[in-house]
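# Per-entry structural report
Chain residues, written in single-letter form:
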Amino acid sequence: MTSAIPLNVGIARSAGAPAAGGKRVLLAEPRGYCAGVDRAVETVEKALEKHGAPIYVRKEIVHNRHVVETLRERGVVFVDENDEVPEGALVVFSAHGVAPIVHETAAARNLRTIDATCPLVTKVHQEAKRFARDDYDILLIGHEGHEEVEGTAGEAPEHVQLVDGPDSVDKVTVRDPAKVIWLSQTTLSVDETMETVERLRERFPTLQDPPSDDICYATSNRQTAVKAMAPECDLVIVVGSRNSSNSVRLVEVALGAGACASYLVDYAREVDPAWLDGVRTIGITSGASVPEILVTGVLELLAEHGFGDVQPVTTANETLVFALPRELRASRKDAAAQS
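Cut-offs and rules
- Residues numbered from 1 in each chain as written.
- Predicted model: local features only at pLDDT ≥ 70, side-chain atom pairs only at ≥ 80, totals over all residues.
- Heavy atoms only, no water.
- Helix = DSSP H or I, 4+ residues; strand = E, 2+ residues; numbered from the N terminus.
- Buried < 20%, exposed > 50% of the residue type's maximum accessible area, 1.4 Å probe, protein only.
- Contact = heavy atoms within 4.5 Å.
- Areas by Shrake-Rupley, 256 points an atom, 1.4 Å probe, with all protein chains shown as cover.
- Lys, Arg positive; Asp, Glu negative; His and termini not counted.
- Charge placed at Lys NZ, Arg CZ, Asp CG, Glu CD.
- Phe/Tyr/Trp six-rings, centres within 6.5 Å; stacked < 30°, edge-to-face > 60°.
- Lys NZ or Arg CZ within 6 Å of the ring centre and 35° of its normal.
- Expected span 1.5 Å × (residues − 1).
- Salt bridge = Lys/Arg side-chain N within 4 Å of Asp/Glu carboxyl O.
- Axes fitted to C-alpha atoms, helices over the stretch in contact; angles between N-to-C directions.
- Parallel < 35°, antiparallel > 145°, perpendicular 65-115°, else oblique.
- Left-handed = near helix turned anticlockwise from the far one by under 90°.
- Nonpolar A, V, L, I, M, F, W, Y, C, P; charged D, E, K, R; others polar.
- Arc of directions from axis to C-beta.
- pLDDT = per-residue confidence, 0-100.
- Pairing = 2+ DSSP bridges.

## Observations concerning the overall build of the protein
Helices and strands together make up the secondary structure of the protein, namely 10 helices and 12 strands. Each principal axis of the C-alpha atoms in the protein carries an extent, and together these give about 65 × 55 × 35 Å. For the protein, the residues scored as buried account for 52% of the 339 residues in total. The long-range share in the protein, meaning contacts at least 24 apart out of those at least 6 apart in sequence, stands at 76%. If you sum the accessible surface of the protein, you get close to 14900 Å²; carbon and sulfur atoms cover 51% of it. The average position of the 34 basic charges and that of the 51 acidic charges among the side chains of the protein differ by 4 Å.

Right, here's the structure in full:
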């Protein structure tokens, strides 16, 4: 789980002034892989070890270019739909979750399946099914077209209505204002989500909250760390892919929390040296689907430009670990026994 106590946020200029040369990097902690992403990537790696290539994965296993390209080099074939998978082959469902119809089409093609859906996404799916059974109108806050939203909505399409941000609230219609609940995509901006909820509650005063937070702990923790360091930063660099919702949100959070500028990059080579002109303090973080090697690359590049003084900004400790899907748990035990 995560520690609720801030651990090291002493980043005021008087307490943590830049070293000689006047340049420093504030490095957000936590950052990078969350438990759900770690589980999903390990699921594909263990499936490769157990079954050999090719392994098919529906959609991107996680939203990160480096991860996808690395797995593709190892024999993973990424497809958009089940009908692209040869009958009887093995397909892994991504961390973002799938609708029931996806399981049905897989069964119709006799596909062997491994579901790498993040358990926190599965929790939202269960909530959607529960409140649909109770005949609620479910207002799902999320981004249209995102795979996670499609999977959650697919659990109860006749009850779920997408609310894509505060500006979409006025378009919402419900059957009974007394039986309305909101759920959310797990990777949203916490602040924007609550703004949307407040707008919804103005229209539907008896709007019910989810049984527990839908925005995942990792998304919230990474945003909190960025908020802690952004006011001190001339520039915040977020390492992550453009189709990663939680990475894109970190750029928005950095700007909203006071950073003078913020950019999203997949690799160190995408950092424009012009961004560094006149900059003394740079914040670095990474999205929840980003391997640490990519952050290391950015830090090495910045060191070459005089930003060798790296100070951590730690706002939580994350210790949560999810078990692998049951089809692969034995292989994890075997690996532990061999270590």
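Let's pick the thread back up.
## Notes on the packing of aromatic side chains
Enumeration over the complete set of coordinates arrives at two aromatic pairs. Judged by centre distance (5.4 Å) and plane angle (85°), the ring pair of Phe131 and Tyr136 falls under edge-to-face. You can call Phe131 buried: its relative accessible area is 4%. The ring of Tyr136 is capped by Lys179, whose NZ or CZ atom sits 5.0 Å from the centre of that ring. Arg269 extends its terminal NZ or CZ atom over the ring of Tyr267, reaching a point 4.2 Å from the ring centre.

## As for helix H7 (residues 217-229)
Spanning 13 residues, H7 covers 19 Å between terminal C-alpha atoms, matching the ideal 18 Å at 1.5 Å per step. Looking at H7, one finds that the buried residues are Tyr217, Ala218, Thr219, Asn221, Arg222, Gln223, Ala225, Val226 and Met229.

## A look at the pattern of salt bridges
Any two side chains of opposite charge can pair, on the condition that their charged atoms come close. By the definition in use, this model includes 20 salt bridges. Of the charged contacts, one joins Arg65 and Asp266 as a salt bridge, the two residues approaching to 3.4 Å between their closest N and O atoms. Pair noted here: Arg65 is in helix H2 (residues 65-73) and Asp266 is in the loop between strand E10 (262-265) and strand E11 (281-286), with a separation of 201 residues, a long-range link. Judged by relative accessible area, Asp266 falls into the buried class, the value being 2%. One connected set of salt bridges, linked through shared partners, spans Arg65, Glu69, Arg242, Asp266 and Glu270.

## Examining the packing of H7 against helix H8 (residues 245-256)
To characterise two packed helices, one gives the angle between the axes of the helices and the distance between these axes. Packing of H7 against H8 brings their axes to within 9 Å, and their N-to-C directions diverge by 25°. Taken as axis vectors, H7 and H8 run roughly parallel relative to one another. Judged by the sense of rotation from one axis to the other, the crossing of H7 with H8 is right-handed. Between H7, through Thr219, Arg222, Gln223, Val226 and Lys227, and H8, the contact on the second element is made entirely by Asn246, Arg249, Leu250, Val253 and Ala254. Here the residues of the contact of H7 with H8 sort into four nonpolar, three polar and three charged.

## Quick word on helix H4 (residues 119-133)
Look at H4: 21 Å from first C-alpha to last across 15 residues, which is about the 21 Å you get at 1.5 Å a residue. Along H4, the positions that sit buried rather than exposed are Val121, Val124, His125, Glu127, Ala128, Phe131 and Ala132. Down the axis of H4, the buried side of the element spans an arc of 160°, and every buried residue falls inside it. Against strand E6 (137-141), helix H5 (147-153) and strand E8 (180-184) lie the buried residues of H4. After H4 finishes, the residue Asp135 shows a positive phi value of roughly 65°.

## Quick notes on the confidence of the model for the protein
Residues of the protein with pLDDT of at least 70 account for 91%, and the chain-wide mean is 93. Below a pLDDT of 50 lies the segment residues 1-10, which in the model reaches 25 contacts outside its immediate sequence neighbourhood of four places, other chains included.

## Regarding the sheet that holds strand E9 (residues 235-239)
Strand order in the open sheet formed by five strands is E10-E9-E11-E1-E12, with parallel pairing between adjacent strands. Only two strands of the sheet have a single partner each, and these edge strands are E10 and strand E12 (310-314). Direction aside, the axes of adjacent strands within the sheet are offset by 25° on average. Strand direction decides the pairing type here: E9 and E10, joined by four bridges, are parallel. Across the sheet, Val238 pairs through a bridge with Leu264, a residue of E10. The strands that helix H9 (residues 292-304) touches are strand E1 (24-29), E9, E10, E11 and E12; relative to E11, the one it contacts most, it runs at about 165°.

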